Amino acid sequence: MPNGRRRDPASLTTPADAASPVASQDDGVEPFLAVTDVVKAYGAVEALKGVSVDIAPGEVLGICGHNGAGKSTLMKILSGLESPDHGSLRIRGQLVQLRQPQDAQRHGIVLLDQEFSIVPVLTVAENLVLGNVGERVLVRSGALQRRARELLARVGLSHIPPETPAEQLQLGERQLVEIARLLGRDATLLILDEPTAALSRGEIARVFDAVRGVAADGRSVIFVSHRLDEVLTLCDRVMVMRDGRAVATEPTRSLDKGRLVDLMLGAAGQELPAAPRRAAEDQAVTVSELSVPGRVDQVQFAFGSGTIVGVAGQVGSGASAILRAMAGLTPDATGRVTVRGRQVRFAAPRRAKAAGIQYISNDRKAEGLFLSQTIEGNLNATRFSRLSSNGWLSPRARLRSAAALASLVGIPAERLRSPVRTLSGGNQQKVLLGRCLRNESLALLLLDDPTRGVDVGGRAEIHRLIRLAAAGGTTVLFSSTELDEIMELSDVVVTMFAGRIVSISARQDTSPERVLREMTQDPAAGSNA
Amino acid sequence: MSVTAAGPDSTTAFASQRGDRTRLMLFAPVAVFGVFLAVAAASTSGFLTTGNLKSVLLSSAFVGIIAVGMTPITIGGNLFSLSLGVTAAVCAMAFTYFLRLGFGEAIVLALAIGGLACGLQGWLVGALGANPIIVTIAAGLLQAAVATWISGGTSVLAPKGASFHLLTSSPLGFAFPIYAFIGATVAVEIVLRRTRFGSELYLVGDSKAAARAAALNITRITTGAFTISGICAAGAGVLLASTYNTATLNLQGTYSYDAIAAVLVGGNAVAGGRGSAIQSFLGALVIAAATSIALLRGYSTGVQILIRGLILLGVVVLLQIATARSR
């Protein structure tokens, strides 16, 4: 599709050109996959507003864009996890409909997820055939080993015996085994969604080698990443998405980091949010030499009470690992944390709580809410000790406390006895925040991605509640992968990359461009932007 | 189940309908079997006599007290204890032995031994995250071993002249264990509903990960739940010993499994987070009533056991349907 190569973004959404299989004939190569004018809405929110792109055999296509740009939705559509509301997909010129992942797999499209799907107790060989459509139930072990060895060789893991238990592999090796698994499915298009987020530099290099090998075989690869250096190093072409649209699709050689950041930001980069609140000068929270093996490397900072600190970093940057460590949820964390002058020991959430720290996980369903319990029970979860006298707890005291919190967070009091799972994502998050409000002993509130999966309206409400907590003197540390949220909510912005702090600055002293650059570029790699 | 679900809805305020319905769903299995049993009972001559109803109550009391005590373990997300029957038998032996110190002293010591033995198991499960099934099986073997070792493998006879009239009396015509059963149910229910411990137990049972992140004291709560189960099992043991006037390890019979069956038939959520002592109370009654009907109809022991098995199987299916609907 020649349109995609042009600089003019408007031409990207011309369906007539893109839909025609002969459109790419002037390249001499028929695209393996052509996506035309794909639209997808979730309720009132349009995640994709007409995206077109094509990918040639043997091509590595990078996709950039910050959170909410529509990358994940597009990948879900390509891998059959979601169906588009409008638009078409063609594979080798043939119109196809991918209703479920198996359909996509049958056409040779496979997705490597952000989450690892290696089963630790199985051997490498067994993991390699896991989940394959059309795999025989009983596989002869000899054949299995042979096939496993062949697949491992293709991703540069020929030194690993197929019978090794997967749990003995390092993180990067697991990632490579996953890629090998996808190759074993006769994948003609590999979709890698943030494959390097959790990997070390050496491991990343091996993933890159594997990807290049795959492309050299004539297979196509889509590489979704926040890390601009990696995209520029690995990909032949880059598509930048913003706000549900493909704003540009250009050959990598015509791009540099500065231009990529500009494309990702669009007009939003120019709007500056309202002036931040003044931060207190006391050192209510100090952290020194905080390390979590493999995740956080020697981090230190100090913040005053009532300050809202935004920790900006992509998945795997260590932003959420810092919060977990301070909450006492990471036993192998080391370093010193003091809250209001008292030192806090790691490795026990109850010690953290006693020091006035509360943590809200980014995984609302698994680690935040008590899903079958009532809204009342969830709001009161951490304050039963204060509501009870000598261990006795009256239903009236519970109700009074919950009603006060519910009105604070804007949940109707009549619903207090309903199970919390009947609430929307935004309201569930408000319940979690409500748990931490009206608590004078709360010195530090740790929020891991507080608006994940929350719509725009709910987000504003949650931001209001976070400011409310800060106004009461609580220091708030929140992590976010979303630039807008960081710029909107923070008094102080901490940017992180690969387990290290890149910079700490008051919000008025930094800019969205700078934050985005610091979140996405390896500071050690130097700046060639 | 439509009977129970529809009734209160029309009378409660709109606001709490949803929560109530979810909770009522859990009573569905008991309700279904209740109706089923009522029909069977009405058509079985001799069932609806005062004498028989009293004997149903009495026969459900021992299992029922253990089941009610098991309930906090289940609600706390730790499945079941597989050795409460052993604990009951061991405590029965302890009670009989300590009667020489006095009646009150013997009861207190027996309950303390039961609470301690199970509390330790709870600590293992809570603090170390040990699997409750394995811990309770192992603890059952240990308890049996210690009891056999100390008693020399013989039964412990109550000392001559020991008096426990109270435990064998029948105030108002009902045998004492029936009162103990009702008393235990009410006491555990109050602990579950009206204490900080009870409130937090439901949360821990609902999600251990969320409880950990919310900094709840999982160890203390789990230890508490197991301690309650031990005290209740010991209470059942004391009643068993006073009924038989002697105690051996054989007293445990199939109480462990029967109590689990009662907890399940009562519709307590196996995964934790939902349930009540009253549900286990009803579960024990349903099983005892079904057994009584089978007896009165002259079914063989095999058929009686078969009926219990079918009831359990039915509960699993019904609960599955009920929870699927309430989501």
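(A) A look at the sheet that holds strand 18 (residues 475-480) of chain A. Residues and elements named next belong to chain A. Taking strand neighbours across the sheet as the criterion, the six strands line up as 16-17-18-13-19-20 in an open arrangement whose pairing is mixed. Of all the strands in the sheet, the pair left with one neighbour each is strand 16 (357-360) and strand 20 (500-506). Between one strand and the next, the sheet's axes are offset by a mean angle of 15 degrees, whatever the strand orientation. Bridge analysis of strand 13 (residues 308-312) against strand 18 gives five bridges, and the strand direction is parallel. For V309, the partnering residue across the bridge sits in strand 18 and is L477. Running over the sheet, helix 19 (residues 512-520) touches strand 13, strand 19 (492-497) and strand 20 and is turned about 30 degrees from strand 19.

(B) Spotlight on the domain arrangement of chain A. In terms of domains, chain A is made up of domain 1 (57-80 + 99-267) and domain 2 (285-525). One C-alpha centre belongs to domain 1 of chain A, the other to domain 2 of chain A, and the line joining them spans 32 Å.

(C) Summary view of the interface of chain B and chain A. Contact with chain B, which involves 24 residues of that partner, is made by 32 residues of chain A. Only helix 2 (17-42), helix 9 (196-206) and helix 10 (208-213) of chain B provide two or more residues apiece to the side of chain B that touches chain A. For the side of chain B that touches chain A, the element with the highest residue contribution is helix 9 of chain B, accounting for seven residues. Taken together, the residues that form the side of chain B that touches chain A break down as nine nonpolar, eight polar and seven charged.

(D) Up close: the sheet that holds strand 14 (residues 334-339) of chain A. Residue and element names in this part refer to chain A. On the basis of which strands lie adjacent, the open sheet formed by four strands has the order 12-11-14-15 and antiparallel pairing. Of all the strands in the sheet, the pair left with one neighbour each is strand 12 (296-303) and strand 15 (342-344). Neighbour-to-neighbour, the strand axes of this sheet turn through a mean angle of 20 degrees, independent of strand direction. Pairing of strand 11 (residues 285-292) with strand 12 involves five bridges; the strand directions are antiparallel. Within strand 12, the position partnered with T286 by the bridge is A302.

The rules behind the values
Residue indices begin from 1 for each chain and proceed along its sequence in written order. Here every chain gets a letter starting at A, and every ligand a number starting at 1, in the order they are written. Predicted model: local features are reported for residues with pLDDT of at least 70 only, side-chain atom pairs are reported and counted for 80 or more only, and whole-chain, interface and lining totals are derived from all residues. A pair of strands is considered paired only if DSSP assigns at least 2 bridges between the two. Secondary structure follows DSSP: runs of H or I at least 4 residues long count as helices, runs of E at least 2 residues long count as strands, and numbering of each begins at the N terminus. Axes here refer to lines fitted to C-alpha atoms; in helices the fit is confined to the stretch in contact. Angles between the N-to-C directions go from 0 to 180 degrees. Here contacts are defined at the residue level, using C-beta atoms placed from the backbone and a cut-off of 7 Å between them. Domain start and stop positions are those given by an automatic or database domain assignment. Gly counts as polar in this scheme, as do all residues outside two lists: the nonpolar Ala, Val, Leu, Ile, Met, Phe, Trp, Tyr, Cys and Pro, and the charged Asp, Glu, Lys and Arg.

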